[in-house]
Amino acid sequence: MDIRSLRYFIAAYEGGSISAAARRCHVAQPSISTALAQLEERLNTPLFERHRRGITPTEEGHRLYPLARQVSEDLNAISRLFNSSAPATPVRLGLMRSLGANRMTTLLKEYIGQGDNLALTLVNPEERCDARIIGEQDLAQGEAFQPIWHDSYLLALPSGHPLVLKETLTLDELDGLPFIWRHPCAAMEQLASALSGAGIRCQVRARLRTIEYTLGLVAAGVGASLVPAWPEILTHPDVQCRPLAELEIRQTIGVAYSSRQPMPALQPLLQLGRQAWEAAGMA
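None of these values were measured; they are calculated from a predicted model.

Caption draft 1: Quick peek at the overall build of the chain. Broken down by element type, the chain carries nine helices and eleven strands. When its C-alpha atoms are laid out on the principal axes, the chain stretches across 65 × 45 × 30 Å. Considering the chain as a whole, with its 283 residues, one finds that 43% of them fall into the buried category. Contacts in the chain between residues far apart in sequence, at least 24 positions, make up 74% of those at least 6 positions apart. Carbon and sulfur atoms make up 51% of the accessible area of the chain, which amounts to about 15000 Å² in all. Counting 27 positive and 29 negative side-chain charges, the chain places the averaged centre of each group 3 Å from the other.

Caption draft 2: Structural view of helix 6 (residues 186–197). For helix 6, with twelve residues, the first-to-last C-alpha span of 17 Å sits near the 16 Å given by 1.5 Å per residue. For helix 6, the complete set of buried residues consists of Ala186, Ala187, Met188, Leu191 and Leu195. Those residues of helix 6 that are buried are in contact with strand 6 (143–158), strand 7 (178–182), strand 9 (225–228) and strand 11 (250–258). Looking one or two residues past helix 6, Gly199 carries a phi angle of roughly 70°, positive in sign.

Caption draft 3: Molecular detail of the pattern of salt bridges. Counting across every chain of the model gives ten salt bridges. As a salt-bridge pair, Asp151 and Arg103 come within 2.8 Å of each other at their nearest N and O atoms. Pair noted here: Asp151 is in strand 6 and Arg103 is in helix 5 (residues 101–114), with a separation of 48 residues, a long-range link. One salt bridge in this structure joins Glu248 and Arg250, with 3.9 Å as the shortest N-O distance. On the basis of relative accessibility, which here comes to 64%, the residue Glu248 falls in the exposed class. What emerges from the salt-bridge pattern is a single network uniting Glu14, Arg69, Glu73 and Lys109.

Caption draft 4: Structural view of the environment of Pro125. Position of Pro125 among the secondary structure elements: in the loop between strand 4 (118–123) and strand 5 (131–135). Under the relative-accessibility criterion, Pro125 is labelled buried at 11%. Considering only alpha carbons, one finds Pro125 and Gly273, 148 residues apart in sequence, at a separation of 18 Å. Discounting chain neighbours no more than four positions away, the residues touching Pro125 are Gly94, Leu95, Met96, Arg132 and Ile134.

Caption draft 5: Highlighting the nonpolar core. Core analysis: the biggest nonpolar cluster contains 26 residues, and Met104, Leu107, Ile133 and Val255 have the highest contact counts within it. Leu163, Cys185, Leu191 and Ala224 belong to the second-largest nonpolar core, a separate cluster that totals 23 residues.

Rules of the game
- Residues numbered from 1 in each chain as written.
- Predicted model: local features only at pLDDT ≥ 70, side-chain atom pairs only at ≥ 80, totals over all residues.
- Heavy atoms only, no water.
- Helix = DSSP H or I, 4+ residues; strand = E, 2+ residues; numbered from the N terminus.
- Buried < 20%, exposed > 50% of the residue type's maximum accessible area, 1.4 Å probe, protein only.
- Contact = heavy atoms within 4.5 Å.
- Areas by Shrake-Rupley, 256 points an atom, 1.4 Å probe, with all protein chains shown as cover.
- Lys, Arg positive; Asp, Glu negative; His and termini not counted.
- Charge placed at Lys NZ, Arg CZ, Asp CG, Glu CD.
- Expected span 1.5 Å × (residues − 1).
- Salt bridge = Lys/Arg side-chain N within 4 Å of Asp/Glu carboxyl O.
- Core = buried A, V, L, I, M, F, W, Y, C linked by side-chain atoms within 4.5 Å.

Next comes the structure, spelled out in structure tokens:
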């Protein structure tokens, strides 16, 4: 079986379209389509359903994906094993809090897999580092910015809370509401400014740093909070999310790096950022 076809399959599965896979793999769309057709013929089963908006994996496609990822990762491991004689390239990457464990795990795994013998160290974004994954609003002078994700924020409420009966909420309905506050968080600062301007005060029941811990307290019924609309949050069984009708809070997350002389070892990370941004239709 052709490993190239498996890698094209992985790109199509994760990108949700032939065009996204072509951009990620730096090949023409017909090359992706041909490789997928050959793979489907070899396996004697359809792997995707084609439609106007892109492609959707079939049940067989879902079954193949983890196996294809494992094969690809094993090949990358073999390559690194026999190319480890050269000194590892140290990279210090600063990470802002509350980036989302699932998507950061995927991004860092792909970066390490595509990088050339990296020695990656993760630090706080305020420390000395070669690049930072931060919100665009925190960009410093002399830094360039490659966007990766665009986060929209919603109000998270415990399941069964009376306010979940409404499709959207007003700021007035937050007056006196028990709240889990996160700091530092640019989105929470936007909400605080809006609440202050409207003369509204919440009952702050806890002050935390991470979204994961905040979500746990919301689910437990301690209070509401402002959270990004990540899939794992929207599908949480004990939390319901609602938009604020008078306030749209959004944040762009990306890689900040030196605009004068970015180190070559950062190029795979910047490329992954471009691919994620394009796959989301933001380019």
